[in-house]
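Here is what each chain is made of, one letter per residue.
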Amino acid sequence: MTKTFTENDLVRFLYDELNEDERLEMRESLCADMELRSRLDELEEAKSALDAVTFKAPNDVVSRILYASKNLQSI
């Protein structure tokens, strides 16, 4: 019987969060199912694009967060 993998399963595979049996089953399915392979390729591209993004909060936002966290510590 062939398992149907979800989007979550593909993400778990991508981030190496499957156990050994699940990983083996996923690899076999990826070889046999080109649509599944294509979807994984899309997720890999998205992950790569996300890895390249850097986030920087404006200084005033950082200052307000630090101010609020210091005031919460004194409560």
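Draft legend 1. Broad picture of the pattern of salt bridges. Throughout the structure, instances matching the rule amount to nine salt bridges. Arg 23 is the partner of Asp 16 in a salt bridge, and the nearest nitrogen-oxygen pair spans 2.6 Å. Judged by its relative accessible area of 55%, Asp 16 falls in the exposed class. Among the residues examined, Arg 23 registers a relative accessible area of 11% and is labelled buried. A salt bridge links Lys 47 to Asp 51; the shortest N-O distance between them is 3.4 Å. Of the two residues, Lys 47 and Asp 51 both sit in helix H3 (residues 34-52), four residues apart, roughly one turn of that helix.

Calculation rules
- Residues numbered from 1 in each chain as written.
- Predicted model: local features only at pLDDT ≥ 70, side-chain atom pairs only at ≥ 80, totals over all residues.
- Heavy atoms only, no water.
- Salt bridge = Lys/Arg side-chain N within 4 Å of Asp/Glu carboxyl O.
- Buried < 20%, exposed > 50% of the residue type's maximum accessible area, 1.4 Å probe, protein only.
- Helix = DSSP H or I, 4+ residues; strand = E, 2+ residues; numbered from the N terminus.

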